[in-house]
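One letter stands for each residue in the lines below.
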Amino acid sequence: MTQSARRNAKVPSNEMTAMLIIFVATNAFLTYPRYISRNAYEAAWMEPVLSGALTLILFLIVEFLLRKYFRNLDIVEVSKEVFGRFGAGCVALLFSLYFLCSTAAVMREFTENVVSTVLPATPLIFVGAVFMFAVGYIAYAGIEGICRASFIFLPLLLVGLVAVCLMTMNWWHPYFLLPLWGTGVDRVFVGSFQYASIFANVLLLTIIYPHVHDTRATRRMGVVSISVSTCLLVALMLTYHMVFPPEETGKTTFALYRLARIIHMGPFFQRLESIFVFLWVTAATIRMSVTLWGAAYLLSKAFNWSSYRPAIPSLVLISFSMGMWADSWVQVIDLDGKYLLRWGWTVVFALPLVILLLGSTVRAIRRDRADEHDDNGGRMRRA
Amino acid sequence: MNRIFGGAVKRLLTVDDSVLDEQFSLENDNLDSSYQFGPSEAPPEEVNFTTAENMNYRTNKRVSMKKFLQRGEQEYHAAVDKARIGHDVEIPTHLEDMRAKLERAFHMPQNKDIVVREFQVGVEGNSKWSGMVVFVDGLADKNVINLSILEPLMILTHLTDAQPERTMKYVADKMVPGNQSVFVDSWADLVNNVLTGSTILWLEHCSSALVIETKGWEHRSVSSPQTEAVVRGSHDAFTESFRTNTGLVRSRLRTEHLVTEIISVGNLARTDIGIMYVHGLTNPSLVREVRKRISEIDVDFLMDSGMLEQFIEDKPSMLIPQVMATERPDRVAASLAEGYVAIFVGNTPFCLIVPVVLWSLIHTSEDTNIRYLPGTFMRVLRMIALFTALLLPSLYVAVTNYHSEMLPTDLMLAIAGSREQVPFPVVVEVLLMEFAIELIREAGIRIPSVIGPTIGIVGALIIGQAAVQAGIVSPLLVIVIATTALASFALPNYELSMGVRVLRFAFLVAGAILGFYGICILLCVYVVRLSMQKSFGVPILSPVAPNSGSARDVIVRGPLWGMNKRPTFLHPLRSWRQNPITRPWSQTTEKRAGIGFGRRRSD
């Protein structure tokens, strides 16, 4: 398929919604529960709610700006209008770097999880290489393939997450959720803002907007995806905090695995953590293929490449190398928490919003000037 | 005796290449282009493909690949055109010329299949009127030729010398009572019609010949389907007759809008390809695409629908078929009524339906004939069978090798106990069993029916009992492999079943190397691959991904009175297949027919 066809590929909104839900909900398998638990203790479940609400507001603003001023344009094309080609290139590089770092961090965390839980005797590099190959292949298929696969796998994810929550019912201790505000209201709010970058819906919207089949459904797409992913995260966090005491929750790197591991519903349904491998592998593969595709797509748009596809193998290699660069898992978790999770909001929320606001201002000024010019011309003609 | 013995000893003890020379060899006969029995007989007219102009590409000068391919194409077409020397000329009007041309065209007298019967038309007078009929022995019905062509012309006809009546049109209108006859003016049409089983009636001084339909070769009569048997449904299947097959479909779908186009494919020998669709219902783009793909096939001979399938499908390297082959006329009729296109290939007992979606490969024609709840149950069962056939051995390997903790302790101990005597790793054990099953399956197809039951007994003994007793495989694995084989047989589509057979080994390797993780990664990759695959412009995972609002007909089968629309992924010209209220007399279903039960809002 040619690049023009690829760029004009239109994806139905329900498939986009599925992709966005999986993209956000995958954080349940990563270090997000650990950080918010450490930050808010008993009130950790509130943080996804607040982060989701913040994301929803920003999403609606961004959607409004795109619909009003930049129909069928993505963030790079808007940047070209605001900053020119060089500036747009820098913006694309920045976003691509963020995506690459995110891919690398998730890859390392994910493969460490795999090796420590289900494949203890397999070399880390082999597990990571297989994973990156699959991610590269899926990213190579493009946004259509990713979204279609998301739509197919979403029911599995939903059923799996709900099953994990419900099957640990015999370990629930609701009083673990008290005191209600955990470490305090201010820490909950600050943490919600700091760790809101897992909701990358806003940034993704500015990239996939030209690919949405029906732009009128974009608002619904954002509302549904943010609501469902927030509900999933909240359900998981509530369950996690009802099962384990708050001091422990901040120490675990893989909350879902710990939950799945304690499932014991009679002698036959026990130790089902291996079954959930299907769940987190599919979710992580889709999430990483989105970030990898996003990086390649932005670069191809910024530098006018005829196709993003040749960039995929090199980006796979770069992110794999970056992921393997850290000495240990602990170092990766520290780096991820310190930089990507804590400061990710600047790239995920602030920068797209600033670019769109500047772009809409520029367009509004141009429109005013054009109107003035028309008025002057009309007056002169009348005179 | 002594000489024979001596010769044998000599051959054993000495290196004598002349032994080979005693046997016939083709190697030295490259320059011999004559098919005559002896060197004294004159060689027939032949086409020389190695002429000077065809050989001039043998040069050391380097050319670009594009130019090289262009040149090759030109040379090929030139050679093919040469092979058709004289095809486009007119039909001779004199008996001697006609006879000579026939002999040259059909390589007579060596070729004994072609029958040329010369005769005199009954004329009361002195002026003779000679003619001949030409047909292929074995293809044409001799009774029809004798009774409907030769007898009327030779015995029953009493023409006078009057010249105006000596025209082919007069003969066709008044004298030959064939039910289908048509005039041909070119030599190529004459040859083609002879080869399709028709009889050519030629009369001297006429510039055209009359083609009379006399097809009557032996073929299998309509019988029950071999690979798509059902309990509730019709029991007839396609046979090795093109016209019988189209007739079987037309007898079910009796509409004047059902169109059958025929395209001939093949340079050496022509094969008729029938494209059947419902005019005004099927998407014209789809019909054009099918026509285009078929007409662009440039081969010498296309024998079977399986060959055509590989020429026209989007990605032949995929293991999942992108064309559905069926031997059931009712299925073809139902598909045509939905907006699909059916393709008949010559005299093959399989019809191709395009496009295809993955879900339709696990459907059977029986699903519609039974009520919707059992129908859904059967489809769910087949879906489980698909995943079982694909994944069960690999899951067994993954669980026993990597994830044994997920098994209940008793079961784990039972498996460990059963594997205690087995000397191989699990994956080798599984591969051995899979190999045995595949052998039995392959042998079962080719073994003569007389000793057919034996193979089952031998296979069951080898796999079920002897292998376990010998300690080569564990009893649990026998159950796993048997269940996999059963699941594989439960898949209604043969091509899909073949694809799953091969894919199973890929998943087995993934499971053996990386456990659930490997299986899951491969599954993800393959799902994405499938989601990007199209069959004649339709994504193969439609209507699930991309999701389109079709009637419920994927895994769940909705009630017939609620499935009001045709599949939207086909983009038919008429999307409604029935009135939304089809049971107005029913209190329960009438209310629901428009909005709810068994249908979506888009229905």
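Just so we're clear, the structure is a prediction, and the values are computed from it rather than from any experiment.

Scoring rules and cut-offs
Residues numbered from 1 in each chain as written. Chains lettered and ligands numbered in written order. Predicted model: local features only at pLDDT ≥ 70, side-chain atom pairs only at ≥ 80, totals over all residues. Heavy atoms only, no water. Helix = DSSP H or I, 4+ residues; strand = E, 2+ residues; numbered from the N terminus. Buried < 20%, exposed > 50% of the residue type's maximum accessible area, 1.4 Å probe, protein only. Contact = heavy atoms within 4.5 Å. Areas by Shrake-Rupley, 256 points an atom, 1.4 Å probe, with all protein chains shown as cover. Pairing = 2+ DSSP bridges. Axes fitted to C-alpha atoms, helices over the stretch in contact; angles between N-to-C directions. Phe/Tyr/Trp six-rings, centres within 6.5 Å; stacked < 30°, edge-to-face > 60°. Lys NZ or Arg CZ within 6 Å of the ring centre and 35° of its normal. Buried area = accessible area lost by both parts, 1.4 Å probe. Salt bridge = Lys/Arg side-chain N within 4 Å of Asp/Glu carboxyl O. Polar contact = N/O pair within 3.5 Å; in protein donor to acceptor, adjacent residues only side chain to side chain. Nonpolar A, V, L, I, M, F, W, Y, C, P; charged D, E, K, R; others polar. Expected span 1.5 Å × (residues − 1). Patch = residues over 30% accessible without salt bridge, like charges linked within 9 Å, V, L, I, M, F, W, Y side chains within 5 Å. Core = buried A, V, L, I, M, F, W, Y, C linked by side-chain atoms within 4.5 Å. Domains from an automatic or database assignment. pLDDT = per-residue confidence, 0-100.

A. A look at the overall build of chain A. Within chain A, the secondary structure is distributed over 15 helices and 2 strands. When each of the 383 residues of chain A is scored for burial, the buried share is 59%. Considering only intrachain contacts with a sequence separation of at least 6, the fraction spanning at least 24 residues in chain A is 85%. Looking at chain A as shown, the accessible area adds up to about 15,300 Å², and 68% of this sits on carbon and sulfur atoms.

B. Local environment of the sheet that holds strand S9 (residues 341-345) of chain B. All names here are of chain B. The strand order S6-S7-S9-S10-S8 describes an open sheet built from 5 strands, whose pairing is antiparallel. In this open sheet, the two strands that pair with only one neighbour each are strand S6 (258-265) and strand S8 (324-326). With direction set aside, neighbouring strand axes in the sheet form an average angle of 25°. Where helix H11 (residues 305-312) meets the sheet, it contacts strand S7 (271-278), S8, S9 and strand S10 (351-354), and its direction lies at approximately 130° from that of S9.

C. Highlighting the sheet that holds strand S1 (residues 114-120) of chain B. Residue and element names in this part refer to chain B. Taking strand neighbours across the sheet as the criterion, the 5 strands line up as S1-S2-S4-S5-S3 in an open arrangement whose pairing is antiparallel. At either margin of the open sheet sits one strand with a lone partner, and together these are S1 and strand S3 (181-184). Sheet twist, expressed as the mean angle between neighbouring strand axes with direction ignored, is 25°. Taken strand by strand, helix H7 (residues 168-175) contacts S3, strand S4 (199-203) and strand S5 (209-212), and its axis lies near 125° from that of S4.

D. Fine view of the environment of Tyr526 of chain B. Residues and elements named next belong to chain B. Here Tyr526 lies in helix H19 (residues 494-532). Sequence spacing of Tyr526 and Leu503 is 23 residues, and the spatial spacing of their C-alpha atoms is 10.0 Å. Residues contacting Tyr526, with those up to four places away along its chain left out, are Met318, Leu319, Ile320 and Leu503.

E. Region of interest: the packing of aromatic side chains. Here the structure, examined in full by the defined rule, presents 18 aromatic pairs over all chains. On the numbers, 5.6 Å between centres and 80° between planes, the contact of Phe110 of chain A with Trp280 of chain A is edge-to-face. Residue Phe110 of chain A is found in helix H5 (residues 75-117), and its partner Trp280 of chain A is found in helix H13 (residues 276-302); the two are separated by 170 residues along the sequence. Connected via pairs of aromatic rings, a cluster forms that spans Phe110, Phe131, Phe254, Tyr257 and Trp280 of chain A together with Tyr517 of chain B. Between Arg258 of chain A and the ring centre of Phe244 of chain A, over which it is positioned, the NZ or CZ distance is 4.1 Å.

F. Broad picture of the environment of Met16 of chain A. All names here are of chain A. Examined against the element boundaries, Met16 turns out to sit in helix H2 (residues 13-25). Residue classification places Met16 among the buried positions, given a relative accessible area of 0%. Residues Met16 and His213 lie 197 residues apart in sequence; the distance between their C-alpha atoms is 9.4 Å. Met16 has contacts with Val11, Ile143, Cys147, Ile208, His211, Val212 and Met221, leaving out every residue within four places of it along the chain.

G. Local environment of the interface of chain A and chain B. Counting residues at the interface gives 36 residues for chain A, matched by 28 residues for chain B. In this assembly, chain A packs against chain B so that about 2,900 Å² is buried in total across both faces, 77% of it on carbon and sulfur atoms. For the chain A face of the interface with chain B, the top three residues by lost area are Tyr137, Arg148 and Phe278 of chain A, together amounting to 21%. Taken together, the links from chain A to chain B amount to 0 salt bridges. Applying the counting rule to chain A against chain B returns 2 residue pairs in polar contact (both at pLDDT 80 or more). Of all the secondary structure elements, the ones that give two or more residues to the side of chain A that touches chain B are H2, H5, helix H6 (124-141), helix H7 (143-167) and H13 of chain A. At 8 residues, the largest contribution of residues to the side of chain A that touches chain B is made by H6 of chain A. Here the residues of the side of chain A that touches chain B sort into 23 nonpolar, 7 polar and 6 charged.

H. Examining the pattern of salt bridges more closely. All names here are of chain B. By the definition in use, this model includes 28 salt bridges over all chains. Residues Glu228 and Arg331 are paired through a salt bridge, measuring 3.7 Å at the closest nitrogen-oxygen approach. Taken as a pair, Glu228 in the loop between S5 and helix H9 (242-252) and Arg331 in helix H12 (residues 329-338) lie far apart in primary sequence, 103 residues in all. A single burial state applies to Glu228 and to Arg331, both of which are buried. Note that Glu434 is salt-bridged to Arg504, the shortest N-O span being 3.3 Å. With Glu434 in helix H16 (residues 426-446) and Arg504 in helix H19, this residue pair connects regions lying 70 residues apart in the sequence.

I. Quick peek at H16 of chain B. Residue and element names in this part refer to chain B. Under the 1.5 Å per step criterion, the end-to-end length of H16 is 30 Å for 21 residues, consistent within 8% with the ideal 30 Å. Taken as a whole, H16 has its buried residues at Val426, Glu429, Val430, Met433, Glu434, Ala436, Ile437, Glu438 and Arg441. Residues of H16 that are buried make contact with helix H14 (372-401), helix H17 (452-469), helix H18 (475-490) and H19.

J. Quick peek at the pairing of strand S2 (residues 130-136) of chain B. All names here are of chain B. Taking burial as the measure, the 7 residues of S2 include 7 buried ones, the bulk of the element. Alignment of S1 against S2, held across 7 bridges, turns out to be antiparallel. Counterpart to Gln120 in the pairing with S2 is Ser130. Sheet topology places S2 next to S4; 4 bridges connect them, and they run antiparallel. Within the sheet, the bridge partner assigned to Val134 lies in S4 and is Ile200.

K. Summary view of a nonpolar patch on the surface. A cluster of nonpolar side chains, Tyr175, Leu178, Leu180, Trp181, Val185 and Phe189 of chain A, forms an exposed patch at the surface whose accessible area comes to about 630 Å². As for its position among the elements, Tyr175 of chain A is in the loop between H7 and helix H8 (185-194).

L. Region of interest: unusual backbone geometry. All names here are of chain B. In this structure, the amide linkage connecting Met108 to the following residue, Pro109, adopts the cis form with an omega of 10°. Put simply, Val354 and Pro355 share a cis peptide bond, and its omega is -10°. At Phe536, a residue that is not glycine, the phi angle is positive and equals roughly 50°. Mapped onto the elements of the fold, Phe536 is located in the loop between strand S11 (534-535) and strand S12 (538-539).

M. Just the environment of Thr103 of chain A, in detail. Residue and element names in this part refer to chain A. Mapped onto the elements of the fold, Thr103 is located in helix H5. Take Thr103: its relative accessible area is 1%, and that puts it in the buried class. Residues Thr103 and Val290 lie 187 residues apart in sequence; the distance between their C-alpha atoms is 9.1 Å. With residues up to four places along the chain from it excluded, the contact list for Thr103 reads Met132, Met288, Thr291, Leu292 and Ser319. Of note is the side chain of Thr103, whose polar atom sits 2.9 Å from the side chain of Thr291.

N. Quick look at the pairing of S5 of chain B. Residue and element names in this part refer to chain B. Residues Ala209 and Val211 of S5 are buried on one face, and the alternating residues Leu210 and Ile212, pointing to the opposite face, are buried as well. Where S3 and S5 come together, 4 bridges link them in antiparallel fashion. Across the sheet, the residue bridging to Phe183 is Leu210, located in S5. Between the antiparallel neighbours S4 and S5 lie 5 residues, among them His205 with a positive phi of about 70°.

O. Seen up close, the nonpolar core. Ranked by size, the top nonpolar core spans 207 residues in total, and within it Phe29 and Trp280 of chain A together with Tyr517 of chain B carry the most contacts. In terms of residues, this core owes the most to one element, H19 of chain B, which gives 19 residues. Looking at which domains feed residues into this core, each of domain 2 (242-356) and domain 3 (373-539) of chain B supplies at least three. Excluding residues that lie within four positions of it along the chain, Phe29 of chain A makes contacts with Asn113, Leu157, Leu161, Phe254, Leu256, Leu279, Trp280 and Ala283 of chain A. Core analysis: the next-biggest nonpolar cluster, separate from the first, contains 22 residues, Ala140, Leu159, Val171 and Met175 of chain B among them.

P. How the structure looks around the confidence of the model for chain B. Residue and element names in this part refer to chain B. On average, residues of chain B carry a pLDDT of 83, and 85% of them reach 70 or more. Within chain B, S9 carries the highest mean pLDDT (96), whereas helix H3 (residues 52-55) carries the lowest (51). The low-confidence segment residues 42-47, where pLDDT is below 50, has 9 contacts with residues more than four positions distant or belonging to other chains. Within the model, pLDDT remains below 50 along residues 593-603, and this stretch shows 34 contacts once partners closer than five positions in the same chain are excluded.

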